[in-house]
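What follows is the residue order along each chain.
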Amino acid sequence: MGDSPTGLVPDAAQQLTASDLDAYAAFALRTRSPFAREVLRAGGHTDVLGRVLALGGADGSHTRGLAVLDDAVAAGGVGSLRPEALSVWTSLLLRAGREDQLREVLATPDLPLTDAERWVLRTDLANPHRTGAGLTGDALAAAERDWLAVLNEVHAPDGLEPVELLPPEGHDTVYQRLTTTLDAPVDGDLVSVVMSAYRPDADLRLAVRGVLQQTWRNLELIIVDDASGPGSDALLEEVAALDPRVRVVRAPRNAGTYAARNLALTVARGRWMTFQDSDDWTHPRRIEHQVRHLLDFPRVLANRTWTLRSYPDLTMTFVGYPARRLNASSLLLDIAQVTELVGDFDVTRKSGDMELPLRLRAVRPGSVRDLSHPSPLAITQLRVGSLSRDDAVPGWTRWDRLAYRDSYLEWHEQLATGRIAPGPGSTRPFPLPRHGWYADRDQRDPAVAWDVVVLGDIRPVAPDALRTLGVARTASASGLRTAIAHAEAPRPLSTKRLDLLPAVSTDVRLGRLGLTSPHEDDAVDVLVVTSPESVLHLDGAGLRPGSVLVVTDTAEPQGWTVAAVDSRCAELFGVTPTWGGPAAVHEPGSPVRAAVPADRWTDADLADVVGARWLEVPGRRRPSADGIAIGHHLSDAREHWPEPATAIR
């Protein structure tokens, strides 16, 4: 093995088995690890590497990924591509304008493309607005009819009225022309439809029209102007004049979508409430379908429907993602029952529409349903500048979105067990990951400085997770301003991103620990690394440590070397680390200690783990009530338990 991370690549590639490829690709996408990409390249897994490169999120990633996938096709034929790589490659062909090649692929029936993938690609190939061909008049009208016939294949099985287009005059994009011809009014209890708007553009007319054309006629549309300023007044007054059911409510200050929805809750008159984004189109059957479902199933208090996602030209091929997805803003709920059970929306800048339904499910299991049929009841826009576009790409999500999810899931568990009361109330139930998540947009993120940041893999399956938590707790208990940061290592591999230790979220909620990320521009006096291999897989770092301490209880490194970790720490943090670990493991002459110069070794032993949740071990019973168990347990390896019972005593 070499003295740098690159020198470890051949061994890692040799150890990567075919059965691990899917999980390793998911790991490479989650971490954006340059090391993992080199392992895939060295192992000859060209199609997996091409997919990982294409979904990498950086400028030019599609071009680089397509080139590598083309190499895989040239070497082994289209049939050699794994299904996930084939899906990405065909999407890239569409986006690259290689239509003839894509049609040839679609004409091959035995390739592992799903019916949904084939339908999206056929629809986009038929879209006359995709390439800007400049058709006009009768030629454009004929092309649009052919295209819509393919598009509406998704609606036909459920008997849903087809999507149509208004004449092009007066519309900036083809998306703004979406409509459906339907005159089938339905009556019932009042539904309050809430639409928050911040500096809206012409898409607002489309969104409002979609609400006013609903078959469920007894509704009110509450447009909450999120302090847009005077430049939006004319457009807001225009849409308010379209129908007496529309009213505009002015928010006192800009506080984001979920604060706007909470404001609407205070003035809504309906039995039901649902939501509509100010730049999206909804099918006129949506509200009718959702209300009928709640009336038919009175134990269900809220439901959501599905949507198609498209660009302004109504193409739906979004590389790495399916076109059909759950429509979070379609949430329709019983106002009185839901607010009594769980309160209102968490006032945050992001992800609040995902949190509230999960909170409701935690407090009342089975109270939220996601309705797959009829087919997608909306078409929502993929727009540059969306809050979620920079925070998530296929396979990767920014750390703060994940931290927010981990925090609210831990809070929900407390609600479900009755340990704390539901509803955000007057104070936050848990801190948000960064100041930019708070409602007050005017304040900038303050400079963040920590005494100690403990960096490690804190998934429950990670062998170092409890040690990482223990080190952080010990530092915090010593009066040091301490944060914990997650950096995933490839052992053990997992196809899905796992929630982090719930105890970490508990400590953050109670103010014992802070949260940060290796990529945040935070100053830190001492960075303690508890998972050496995870450092090799960081794609970069923003932390600015004064010193770095690597603590390991492993005498025989696996997947890393001292020299490689030294090199990577110097590259990422500008600091060569000090090393340490328990004396019982690192006796003089042990592999790790022998590799560290004497002036960079310290007797840094393991911290006690206090208050961690007892871990269930298959085939093992908990300690009896009349005994006390003291010990250190690695949850991933039963073989670490001594046998027989007398050895434990």
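Analysis parameters
- Residues numbered from 1 in each chain as written.
- Predicted model: local features only at pLDDT ≥ 70, side-chain atom pairs only at ≥ 80, totals over all residues.
- Heavy atoms only, no water.
- Helix = DSSP H or I, 4+ residues; strand = E, 2+ residues; numbered from the N terminus.
- Buried < 20%, exposed > 50% of the residue type's maximum accessible area, 1.4 Å probe, protein only.
- Contact = heavy atoms within 4.5 Å.
- Areas by Shrake-Rupley, 256 points an atom, 1.4 Å probe, with all protein chains shown as cover.
- Pairing = 2+ DSSP bridges.
- Right-handed = clockwise from strand over helix to strand, strands pointing away.
- pLDDT = per-residue confidence, 0-100.
- Axes fitted to C-alpha atoms, helices over the stretch in contact; angles between N-to-C directions.
- Left-handed = near helix turned anticlockwise from the far one by under 90°.
- Nonpolar A, V, L, I, M, F, W, Y, C, P; charged D, E, K, R; others polar.
- Core = buried A, V, L, I, M, F, W, Y, C linked by side-chain atoms within 4.5 Å.
- Arc of directions from axis to C-beta.
- Phe/Tyr/Trp six-rings, centres within 6.5 Å; stacked < 30°, edge-to-face > 60°.
- Lys NZ or Arg CZ within 6 Å of the ring centre and 35° of its normal.
- Salt bridge = Lys/Arg side-chain N within 4 Å of Asp/Glu carboxyl O.

Visitor: Just checking my understanding: could you explain the overall build of the chain for this structure?
Guide: Check the secondary structure of the chain and you find 22 helices and 22 strands. Across the 649 residues that make up the chain, the buried fraction comes to 52%. Within the chain, counting contacts between residues at least 6 apart in sequence, those at least 24 apart form 70% of the total. When the accessible surface of the chain is split by element, carbon and sulfur atoms take 52% of a total near 28,800 Å².

Visitor: Any chance you could explain the pairing of strand β4 (residues 219–225) here in plain terms?
Guide: Within a regular beta strand, the side chains point alternately toward one face of the sheet and then the other, so they alternate between its two faces. Among the seven residues in β4, seven count as buried, and that is most of the element. Burial along β4 is two-sided: L219, L221, I223 and D225 and E220, I222 and V224, pointing in opposite directions, are all buried. Pairing geometry for strand β3 (residues 191–197) and β4, over seven bridges, is parallel. Residue pairing for β4: S192 is matched across the bridge by E220. Each parallel crossover has a hand, and for β3 linked through helix α10 (residues 203–212) to β4 it is right-handed. Judged from the five bridges that link them, β4 and strand β5 (residues 246–250) form a sheet pairing that is parallel. Its bridge partner being in β5, I222 is matched across the sheet by R247. The β-α-β motif built from β4, the intervening helix α11 (residues 233–240) and the parallel element β5 has right-handed crossover chirality.

Visitor: What am I meant to see in the confidence of the model for the chain here?
Guide: Parts of the model with low pLDDT should not have their predicted coordinates read in detail. Mean pLDDT for the chain: 91, with 90% of residues reaching 70 or above. Every residue in residues 608–629 scores below 50 in pLDDT, and together they form 27 contacts with partners more than four places removed in sequence or on other chains. Here residues 635–639 scores under 50 on pLDDT; set against residues more than four positions off or in separate chains, the count is eight contacts.

Visitor: What's the story with the packing of helix α7 (residues 99–106) against helix α8 (residues 115–126) in this structure? I'm lost.
Guide: Between two packed helices, the angle of one axis relative to the other and the distance separating the axes together describe the packing. The geometry of α7 relative to α8 is characterised by a closest axis approach of 11 Å and an angle of 145 degrees between their N-to-C directions. Like other packed secondary-structure pairs, α7 and α8 cross with a definite hand, here left-handed. Residues E99, L102, R103, V105 and L106 of α7 pack against R118, L121, R122 and L125 of α8. Among the residues forming the contact of α7 with α8, the class breakdown is five nonpolar, no polar and four charged.

Visitor: Looking at this structure, how should I read helix α4 (residues 46–54)?
Guide: An α-helix turns once every 3.6 residues. As a result, residues three or four positions apart point the same way. With respect to burial, α4 is a largely interior element, seven of its nine residues being buried. Among all positions in α4, only D47, V48, L49, G50, V52, L53 and A54 are buried. Lining the buried residues of α4 we find α2 (21–31), α3 (34–42), α5 (61–76) and α6 (83–95).

Visitor: Is there a simple way to explain the sheet that holds β5 in this structure?
Guide: Sheets are built from strands paired through backbone hydrogen bonds, the pairs being either parallel or antiparallel. With mixed pairing, seven strands are arranged side by side in an open sheet as β5-β4-β3-β6-β11-β8-β12. Of all the strands in the sheet, just β5 and β12 (368–370) have a single pairing partner and so form its edges. Sheet twist, expressed as the average angle between the axes of neighbouring strands with direction ignored, equals 20 degrees. Where strand β8 (residues 302–304) and strand β11 (residues 332–334) come together, two bridges link them in antiparallel fashion. Paired with N303 across the bridge in β11 is L332. Strand contacts of helix α12 (residues 257–267): β3, β4, β5 and β6 (272–275), with the helix running at about 135 degrees to β4, the strand carrying the most contacts. In this fold helix α14 (residues 335–342) packs onto β6 and β11, with an angle of close to 80 degrees to the strand it touches most, β11.

Visitor: Whenever I open this one, the nonpolar core confuses me. Can you help?
Guide: Side chains of a nonpolar character, in soluble globular proteins, are inclined to be buried together. If you look at the biggest cluster of nonpolar residues, it comprises 70 residues, and the most contacted ones within it are W89 and W579. For this core, the element with the most residues is α6, which contributes seven residues.

Visitor: Would you explain α11 in this entry?
Guide: Looking at α11, one finds that the buried residues are L235, L236 and V239. In a view along the axis of α11, the buried residues occupy a sector of 100 degrees, so they form one face of it. Facing away from the buried side of α11, by more than 90 degrees, are the exposed residues A234 and E237.

Visitor: Would you explain unusual backbone geometry in this entry?
Guide: Peptide bonds are trans in most cases, and residues, glycine excluded, mostly fall at negative phi. Geometrically, the link from H373 to P374 is a cis peptide bond, its omega value of 0 degrees lying close to zero. Among the secondary structure elements, P374 is positioned in the loop between β12 and β13 (378–381). Following R491, the chain continues to P492 via a peptide bond in cis, the omega torsion being -5 degrees. Examined against the element boundaries, P492 turns out to sit in the loop between β17 (482–486) and α18 (502–509). For R199, which is not a glycine, the phi torsion comes out positive at approximately 50 degrees. One can find R199 in the loop between β3 and α10. Relative accessible area serves as the criterion here: at 55%, R199 is assigned to the exposed category.

Visitor: Before we go on, may I ask you to explain the environment of V548 in this structure?
Guide: The topology assignment puts V548 in strand β20 (residues 544–551). Distance from V548 to L527, taken between C-alpha atoms, is 4.7 Å for residues 21 residues apart in sequence. Apart from the residues lying within four places of it in its own chain, the contact partners of V548 are L527, V529, C569, F573, V575, P577 and T578.

Visitor: For this particular structure, what's the right way to read the packing of aromatic side chains?
Guide: Here the distance between the centres and the angle between the planes together describe a pair of aromatic rings. Tallied over the full model, the rule gives ten aromatic pairs. Considering the side-chain rings of Y258 and F345, the 5.9 Å spacing of their centres and the 25 degrees angle between planes classify their relative orientation as stacked. Of this pair, Y258 sits in helix α12 while F345 sits in the loop between α14 and α15 (352–363), and the two are 87 residues apart along the sequence. Given a relative accessible area of 7%, Y258 falls into the buried group. Pairing Y404 with W437 gives two aromatic rings, centres 5.2 Å apart and planes at 40 degrees, and the pair type is tilted. In this pair, Y404 sits in helix α16 (residues 399–416) while W437 sits in the loop between α16 and β16 (449–456), placing the two residues 33 residues apart along the sequence. W437 matches Y404 in its accessibility class, with the two residues each being buried. Of note, R309 hangs over the ring of Y321, and the distance from its end group to the ring centre comes to 4.8 Å. The aromatic ring of F297 is capped on one face by R369, whose charged end is 5.7 Å from the ring centroid.

Visitor: I keep staring at the pattern of salt bridges and nothing clicks. Help me out?
Guide: Once their charged atoms are close, side chains differing in charge can pair, the charge on each being opposite to the other. As enumerated under the stated definition, the model contains 45 salt bridges in all. Across the pair R497 and D499 runs a salt bridge whose closest N-O atoms are separated by 3.6 Å. In this structure R497 comes out as partly exposed when scored by relative accessible area, which is 26%. Look at D499 and you get partly exposed, because its relative accessible area is 35%. Measuring nitrogen to oxygen at the nearest pair gives 2.8 Å for the salt bridge that ties R600 to D566. Here R600 is found in the loop between α21 (591–595) and β22 (601–602), whereas its partner D566 is found in helix α20 (residues 562–573), with 34 residues between them in sequence. The burial state of R600 is the same as that of D566; both residues are buried.

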